[in-house]
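Remarks on the overall topology
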Amino acid sequence: MTTLTSLTQERRLVTAIPGPKSLEALQRRSEATSGGLGMAIPVIIERASDAILLDIDGNQIIDLGSGIGVTTVGNSTSRVVDRVIEQAQAFTHTCFTVAPYMNYIEVCEKLNAAVPGPFKKKSVLVNSGAEAVENAIKIARHYTKRPAIVVFEHSYHGRTNLTMALTAKNMPYKEGFGPFAPEIYRVPMPYSLRWLGDKKTITEDAMEMITHKIEKEIGAHNVAAILIEPIQGEGGFIVPPKGFLPALSKYSTENGIIFIADEVQTGFARTGHMFAVEEEGVFPDMVVTAKGIAGGLPLAAVTGRAEIMDSVHASGLGGTYGGNPLACAASLGVFETIEEENLVARAAHIGEILGKSLRALAAKYPIIAEIRGRGAMQAIELVMPGTLDPNTAAMSAVVKYCQSKGVLVLTAGTYSNVIRFLPPVVITDELLLDAMGVLEEAFASL
Ligand SMILES: *Cc1c(COP(=O)(O)O)cnc(C)c1O
């Protein structure tokens, strides 16, 4: 049913970046769109397939960002596109809470089966990661009848009013947008590169600080939920030390606290598991998903223990567009693609290639302080030589160089000194190695 032929999976530059057509269109962008919007690469996109973006000047750019970890299964991949077209011809909207339809139910069945945990699960679908996080908090508070939410340093959970309060970094996410929602408590994140204490006992020491804060300053019996990203995304791909997530999960269970994993960025085969918590066999009470869930159509979900998800009165949850049929059709295409193309294993393979290239780079360039992440979600943190001082200038120069050569990479980090790699996991080995070659040239050019 897909009519346009796919783009060749190769990098090709026919103009400078941005080319003349993009330059002209970007003028219209700045006339028409809010100055509050950022832009990672200054081009206008005409088409995309898998890991290649085609701009209106005819340049083919390698996509190592996946629209922030969204097009994991490849951009405009056929199983997604065909299902969306078919659904658009059938019906575009009824509102699930007005007149239900099958593909919403099927997506929830798939989620309930895929999310880890040997207990009965149920799901609710919404439109964005932030909305899903908000719903998880609503449900946790309703179920526990407790007000407090515990979140972490360096966390990112979205840009709505409640999720701004949950997010750590002030600039650009919170600056001038307050006041923020109450009853949110922030605790230390064991960020090993920048941990001031003994790194050998980081898990125990972090747990000690966190439980002390909960018990002395909040009262464990007042805490509805502990909310954490299993690998922090915008914070700079900070991977908690082994044993930390299991310890946090155990503490939550012992204290009647709902343990919520925000898998919005880490979920859907990204890390070499379907969900990142699988790495250490953790069973969250609730898992929040979005980004990779529907190949770019707006969809997000909360999946959790049935008794928690069912504790809300009828019509306490919902929304006009939540679980839109086109987005659900796309999501079923995503589940099918992950299964049939073995993309969980493919993400682990991408991780090996990425890890090898980045380690070779770090051996040559001591401004790379650390390589972090898992599978097709990895990052490098850049510092001034011989120190831990953030090297924002090097980050910007590397990103700019890569862009000028047709490779799109994203940045991250509390200190704005992290380059992150989130390629579609269907990227070919050749294309990824070509991009890594450009990255190496970028470091050599510093
Ligand atoms: C992107 C992100 C969100 C917010 O998702 P939106 O769809 O942008 O609202 C929440 N949590 C994490 C971990 C994210 O990466």
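So, how was this worked out
Residues numbered from 1 in each chain as written. Predicted model: local features only at pLDDT ≥ 70, side-chain atom pairs only at ≥ 80, totals over all residues. Heavy atoms only, no water. Near = heavy atom within 4 Å. Polar contact = N/O pair within 3.5 Å; in protein donor to acceptor, adjacent residues only side chain to side chain. Areas by Shrake-Rupley, 256 points an atom, 1.4 Å probe, with all protein chains shown as cover. Nonpolar A, V, L, I, M, F, W, Y, C, P; charged D, E, K, R; others polar. Helix = DSSP H or I, 4+ residues; strand = E, 2+ residues; numbered from the N terminus. Expected span 1.5 Å × (residues − 1). Buried < 20%, exposed > 50% of the residue type's maximum accessible area, 1.4 Å probe, protein only. Pairing = 2+ DSSP bridges. Axes fitted to C-alpha atoms, helices over the stretch in contact; angles between N-to-C directions. Contact = heavy atoms within 4.5 Å. Lys, Arg positive; Asp, Glu negative; His and termini not counted. Salt bridge = Lys/Arg side-chain N within 4 Å of Asp/Glu carboxyl O. Parallel < 35°, antiparallel > 145°, perpendicular 65-115°, else oblique. Left-handed = near helix turned anticlockwise from the far one by under 90°. Core = buried A, V, L, I, M, F, W, Y, C linked by side-chain atoms within 4.5 Å. Domains from an automatic or database assignment. Phe/Tyr/Trp six-rings, centres within 6.5 Å; stacked < 30°, edge-to-face > 60°.

Taken together, the neighbourhood of the ligand is formed by Ser128, Gly129, Ala130, Tyr156, His157, Gly158, Glu229, Asp262, Val264, Gln265 and Lys291. In the environment of the ligand, a nitrogen atom lies 3.4 Å from a nitrogen or oxygen atom belonging to the backbone of tyrosine 156. Here a nitrogen atom of the ligand sits 2.7 Å away from a polar atom, N or O, in the side chain of aspartate 262. Relative to its unbound accessible area of 380 Å², the ligand is 82% covered by the protein chains. A class-by-class count of the residues in the shell around the ligand yields 3 nonpolar, 5 polar and 3 charged.

Our next topic: helix H5 (residues 129-144). Taking 1.5 Å of rise per residue, the 16 residues of H5 would be expected to cover 22 Å, and the 23 Å separating its terminal C-alpha atoms lies within 8% of that figure. Turning to H5, its buried residues are Gly129, Ala130, Ala132, Val133, Asn135, Ala136, Ile137, Ile139, Ala140 and Thr144. Positioned one or two residues after H5, lysine 145 has a phi angle of 55°, which is positive.

Turning to the sheet that holds strand S9 (residues 286-289), a few remarks are in order. The 7 strands lie next to each other as S4-S10-S9-S8-S7-S5-S6, forming an open sheet whose pairing is mixed. At either end of the open sheet lies a strand with only one pairing partner, and these are strand S4 (121-126) and strand S6 (184-187). Neighbour to neighbour, the strand axes of the sheet diverge by 20° on average, direction disregarded. Strand direction decides the pairing type here: strand S5 (residues 148-152) and S6, joined by 4 bridges, are parallel. Bridging from a neighbouring strand, isoleucine 149 pairs with isoleucine 184 of S6. Along the sheet, H5 contacts S4, S5, S6, strand S7 (223-228), strand S8 (258-262), S9 and strand S10 (300-305); its crossing angle with S9, the most-contacted strand, is approximately 160°. Along the sheet, helix H8 (residues 244-254) makes contact with S5, S7 and S8, crossing S7 at roughly 170°.

With respect to the secondary-structure elements, lysine 121 resides in strand S4. There is no salt bridge for the buried lysine 121, and the closest opposite charge comes from glutamate 278, which lies 9.6 Å off by N-O distance. In this structure the side chain of lysine 121 is engaged in a polar contact, spanning 2.9 Å, whose partner is the backbone oxygen of asparagine 112. A distance of 2.8 Å separates a polar side-chain atom of lysine 121 from the backbone oxygen of valine 115. Other than its neighbours up to four places away in sequence, lysine 121 contacts Asn112, Val115, Pro116, Thr303, Gly304, Arg305 and Ala306.

The geometry of helix H12 (residues 392-404) relative to helix H13 (residues 429-444) is characterised by a closest axis approach of 9 Å and an angle of 130° between their N-to-C directions. As far as their axial angle goes, H13 and H12 are oblique. Between H12 and H13 the crossing geometry is right-handed. Taken together, the residues of H13 that come into contact with H12 (itself represented by Val398, Tyr401 and Cys402) are Val438, Leu439, Glu441, Ala442 and Phe443.

Here we take up the pairing of S10. For a regular strand, side chains alternate in direction, first toward one face of the sheet and then toward the other. The element S10 is largely enclosed, with a buried count of 5 among its 6 residues. Pairing between S4 and S10: 6 bridges, direction antiparallel. Bridge pairing links serine 123 to threonine 303 in S10.

The next point concerns the pairing of strand S12 (residues 377-382). Where burial is concerned, most of S12 is hidden: 6 out of the 6 residues are buried. Where burial is concerned, the two faces of S12 agree: the one with Met377, Ala379 and Glu381 and the one with Gln378, Ile380 and Leu382 are both buried. Where strand S11 (residues 368-374) folds back on S12, the antiparallel hairpin that results is connected by 2 residues, among which glycine 375 adopts a positive phi of roughly 60°. Inspection of the sheet shows S12 paired to strand S15 (residues 418-421) by 4 bridges, in the antiparallel sense. Bridging from a neighbouring strand, isoleucine 380 pairs with isoleucine 419 of S15.

Grouped together as the largest cluster of nonpolar side chains are 124 residues, with contacts concentrated most on Leu64, Ile260, Met286, Phe421 and Phe443. Residue assignment places this core across two domains, with domain 1 (20-63 + 342-444) and domain 2 (80-340) each supplying three or more. For phenylalanine 421, the residues in contact, after removing those within four places along its chain, are Leu64, Phe237, Leu354, Leu358, Ala376, Met377, Gln378, Ala379, Ile380, Val409, Met436 and Leu439.

What follows concerns the sheet that holds strand S2 (residues 52-55). The strand order across the open sheet formed by 4 strands is S1-S2-S3-S13, and the pairing between neighbours is mixed. Each edge of the sheet is formed by a strand with only one pairing partner; in this case those strands are strand S1 (45-49) and strand S13 (407-408).

Applying the stated criterion across every chain, the model contains 9 aromatic pairs. Note on phenylalanine 96 and tyrosine 104: the rings are 3.6 Å apart at their centroids and 5° apart in plane angle, and the pair reads as stacked. Residue class for tyrosine 104 comes out buried when judged on its relative accessible area of 7%. Taken together, a centroid distance of 5.5 Å and an interplanar angle of 35° make the contact between tyrosine 365 and phenylalanine 443 tilted. Residue tyrosine 365 is located in the loop between helix H11 (343-364) and S11, and its partner phenylalanine 443 is located in helix H13; the two are separated by 78 residues in the primary sequence.

Across the interface, helix H4 (residues 102-114) lies against helix H10 (residues 325-340) with an axial gap of 8 Å and an inter-helix angle of 40°. For the element pair H4 / H10, the angle class is oblique. Note on packing geometry: the crossing formed by H4 with H10 is left-handed. Contact with H4, carried on its side by Asn103, Tyr104, Glu106, Val107, Lys110, Leu111 and Ala114, involves Pro325, Cys328, Ala329, Ser331, Leu332, Phe335 and Glu339 of H10 and no other residues of that element.

Mapped onto the secondary structure, glutamine 378 falls in strand S12. Those residues in contact with glutamine 378, other than ones at most four positions away along the chain, are Phe237, Gly351, Leu354, Gly355, Leu358, Ile371, Arg372, Gly373, Ile419, Arg420 and Phe421.

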